[in-house]
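Coordinates in review
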Amino acid sequence: MVVLLFVLAVLAAHYYLWRRLVRSTTGPGRLRTALTCVLVGLLLLVVATFLGMRLGWGEWLAWPGYLWVALMFYLVVILAVLEVPRAVASALLSRSERASRRRAAPEPRPVAVPVGGPPAGGEEPAASVPAPMSRRLFLGRTTAAVAGAGALGTVGYGVSSALGDPVIERVAVRLPRLDARLGGLRFAVVSDIHLGPLTGRGHTERIVRMINGLEADVVAIVGDLVDGSVARLGALARPLKNLESRYGAYFVTGNHEYYTQNGPGEWIEELGELGVRSLRNERVEIRHGGAVLDLAGVNDVNGATTGDGPDFAKALGGRDRSRSTVLLAHQPVQVEQAAAHGVDLQLSGHTHGGQIAPFNLVVGLQQPVVSGLATVEGVQVYVTRGAGFWGPPVRVGAPPEITLLELRAPASAG
C-alpha cells in the first residue's frame, strides 16, 4: 500500500511538472517532445533509484536519482506556491487583452497596387516580422524560471548543509529525581548517521572526532546507524572503535536496521567488536560520583514484525524507582510507553528534524516531537536531528546535529 501511494505521488508530481515546465512554456513541436522525453527519463530514474537501493544494486544511481528527487520536491512546492500569483497575473493579462481588442482601430482597407508593382520611386512592402511571444507563454516561462532558480538554490544550500559538519547542540536537562551527585553527567547523543552509498568513511571519522572532542561521560547512538549490510558497509563503521567516553558507548536499533538484508543481528555483533554495546530491551547502571543512574534501551517499533520489538517491561521492570532513568528509544512516539514505566528522560532521533522543510510539518503529524527538548505525558524527551541524511543528500531548515546533553539535579538539590 505504501509503495503504491509513493508511485502515485511520484507520477502526480511529474505530471504536474510537465504541465508547468513543458506544456506551459512551449508550443507543439520538437522542443516540447524533447522536454517530455527528458521528464519521462527522470521519472524512470526515480523509480530505478529507489528500487535499486532497496534491492542492493545500482548504487551509482543514488547521486543523480536522489538529487532529482530533491529538485522535484522543491519544484513542486515552489510552483504550487506560485499558483495563486500566477492565476492573478493570468486574469489581469486576459482583461488587458480584451481591453486592447476593444480599443483596436478598424483595419485599413486594402489599396490597389498596379500589376507591375508600385510606381517608380514608391516604397516596397514591409518585410514580415516574427509574431511576438504571447503573454501567456511569457507568463509560463517566467513562472518556470522562478521555480527553477528557487529549487536549484534551495537544493544547493541543502547539499552543503547535509555534507557539512554537524552542529553541536548543547542542552541542559533538569531531572526532578536526579541525585545531586549525578549533576553534570554529560551524554554525547547522535542518531541517524545512515551509513550508505552516499557516505564514505570520512563521514564516520568526522562524527567520531567531533564526539571525542566533547569529552562526554556517555555516548548514545540512538538508531539508524546503517542502510545496508556489514559486508557492504562494515569498513565505513570501523572508525566507531575510536569513540572515547568515561562510561562507554551504547546503541539501540532504529527502523533502518530492520530494513537491511540480514537484519540488525549482524550489526549488533559488529558493533560489539567495535566496543559499542547494544541495549536490547535492557538497562545498565551508570555509577558516577557515588550515585547510580539507570540507562535503558529498547528496540525500535519496527522490530515487532519479526518478534524483535520493544519490551519496556523487560528493560525497565524491577528497578529502584527512586533512581532517575534515561531511556534510549529511536522514535519519539515510544514515549507513550516510557511514561507508563516512570522514565525521567527519553533520548530519540528518527525525525531528522524534518530534514527537508516544509516536510517537518508532516513529521509532526506522526511524532509528538520533531526536534529539540519537550515534555510529553510527564516525560522529558530530547529528539536530535541526526548527523546524517536519508535519501537526498539535502538538509533544509534542519542541519545535522550532535548533541551534548548535560543532566542537572533539581535546583533545591544543587
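This report concerns the structure included in the present document. (Residues numbered from 1 in each chain as written. Predicted model: local features only at pLDDT ≥ 70, side-chain atom pairs only at ≥ 80, totals over all residues. Heavy atoms only, no water.)

Overview of the nonpolar core
This is how the line gets drawn: To qualify as a nonpolar core, a set must consist of buried Ala, Val, Leu, Ile, Met, Phe, Trp, Tyr and Cys residues joined through side-chain atoms within 4.5 Å. In this scheme, a residue with accessible area under 20% of its type's maximum is buried, one over 50% is exposed, and one in between is partly exposed, where area comes from a 1.4 Å probe on protein chains only. Secondary structure elements follow DSSP: runs of H or I no shorter than four residues count as helices, runs of E no shorter than two count as strands, and numbering proceeds from the N terminus. Between two residues, a contact is recorded if the distance between any of their heavy atoms is within 4.5 Å.
Val 190, Ile 211, Leu 225, Leu 240, Leu 243 and Ile 402 are the most contacted members of the largest nonpolar core, which totals 29 residues. Of all the elements in the fold, those that place two or more residues in this core are strand E2 (186-190), helix H5 (201-214), strand E3 (218-222), helix H6 (230-237), strand E4 (249-252), helix H7 (265-273) and strand E12 (401-408). The dominant element in this core, judged by the number of residues it contributes, is H5, at 5 residues. When near neighbours in sequence (up to four residues on either side) are disregarded, Val 190 contacts Ile 207, Ile 211, Ala 220, Ile 221, Val 222, Ala 387 and Ile 402. Judged by nonpolar contacts, the second largest core, of 27 residues, contains Val 222, Val 252, Ile 286 and Ala 291.

Examining the sheet that holds strand E6 (residues 282-288)
Note on sheets: strands pair through backbone hydrogen bonds, and any given pair is parallel or antiparallel. As a reminder, the rule being used: Pairs of strands are assigned from DSSP output, requiring at least two bridges between the strands. For helices, the axis comes from a line fit to the C-alpha atoms of the stretch in contact; other axes are also lines fit to C-alpha atoms, and the angle between any two N-to-C directions lies between 0 and 180 degrees.
One open sheet holds the 6 strands; their spatial order is E6-E7-E8-E9-E11-E10, and the pairing between them is mixed. A single partner strand is all that each edge strand has here, and the edge strands are E6 and strand E10 (372-376). Direction aside, the axes of adjacent strands within the sheet are offset by 25 degrees on average. Relative to strand E11 (residues 379-383), E10 runs antiparallel, the two sharing 5 bridges. Within E11, the residue paired with Thr 375 across the bridge is Gln 380.

Here's the deal with the packing of aromatic side chains
Basically, it comes down to this: Pairing of aromatic side chains requires ring centres within 6.5 Å, counting the rings of Phe and Tyr and the six-membered ring of Trp. Pairs whose planes differ by under 30 degrees are stacked, by over 60 edge-to-face, and all others tilted.
Scanning the entire structure with this criterion turns up 5 aromatic pairs. Centroid distance Phe 50 to Tyr 66: 5.5 Å. Interplanar angle 90 degrees. Geometry classified as edge-to-face. With a gap of 16 residues between them, Phe 50 in helix H2 (residues 30-55) and Tyr 66 in helix H3 (residues 62-103) connect regions that are remote in the sequence. Following the ring pairs from residue to residue traces out a cluster consisting of Phe 6, Phe 50, Tyr 66 and Trp 390.

A look at the pattern of salt bridges
We count it as follows: Salt bridges are identified by distance alone: a Lys or Arg side-chain nitrogen within 4 Å of an Asp or Glu carboxyl oxygen.
Within the structure shown, the criterion is met by 14 salt bridges. The shortest N-O distance in the salt bridge between Arg 277 and Glu 282 comes to 3.3 Å. Its relative accessible area of 40% is what places Arg 277 among the partly exposed residues. With a shortest N-O distance of 2.7 Å, Arg 287 and Glu 285 are connected by a salt bridge.

Considering unusual backbone geometry
Each neighbour pair has its own omega, and for Ala 357 with Pro 358 the value is 10 degrees, a cis peptide bond. Mapped onto the elements of the fold, Pro 358 is located in the loop between strand E9 (345-348) and helix H10 (359-363). Although it is not a glycine, Asp 224 sits at a positive phi angle of roughly 55 degrees. When you line up the elements, Asp 224 lands in the loop between E3 and H6. The phi angle at His 352 is positive, at roughly 60 degrees, despite the residue not being glycine.

Description of the pairing of E3
Burial within E3 is extensive, with 5 of its 5 residues counted as buried. Of the two faces of E3, the one lined by Val 218, Ala 220 and Val 222 and the one lined by Val 219 and Ile 221 are each fully buried. Strand direction decides the pairing type here: E2 and E3, joined by 4 bridges, are parallel. Among the inter-strand pairings, Val 190 is bridged to a residue of E3, identified as Ile 221. When E3 meets E4, the two strands line up parallel, connected through 4 bridges.

Looking at the packing of H6 against H7
In plain terms, the rule: Any angle that falls under 35 degrees is termed roughly parallel, while one over 145 is termed roughly antiparallel, one within 65 to 115 roughly perpendicular, and all others oblique. Crossing handedness is read from the near helix: turned anticlockwise from the far helix by less than a right angle, it gives a left-handed crossing, and turned clockwise, a right-handed one. All amino acids are sorted into three groups, where Ala, Val, Leu, Ile, Met, Phe, Trp, Tyr, Cys and Pro are nonpolar, Asp, Glu, Lys and Arg are charged, and the leftover types, Gly among them, are polar.
The interhelical angle for the contact between H6 and H7, taken along N-to-C directions, is 30 degrees, at an axis separation of 11 Å. In this view, H6 runs roughly parallel relative to H7, as classed from their interaxial angle. Here H6 runs over H7; the crossing is right-handed. Mapping the contact onto sequence places Val 230, Leu 233, Gly 234 and Ala 237 in H6 and Glu 266, Trp 267 and Glu 270 in H7. Across the contact of H6 with H7, the residue classes tally to 4 nonpolar, 1 polar and 2 charged.

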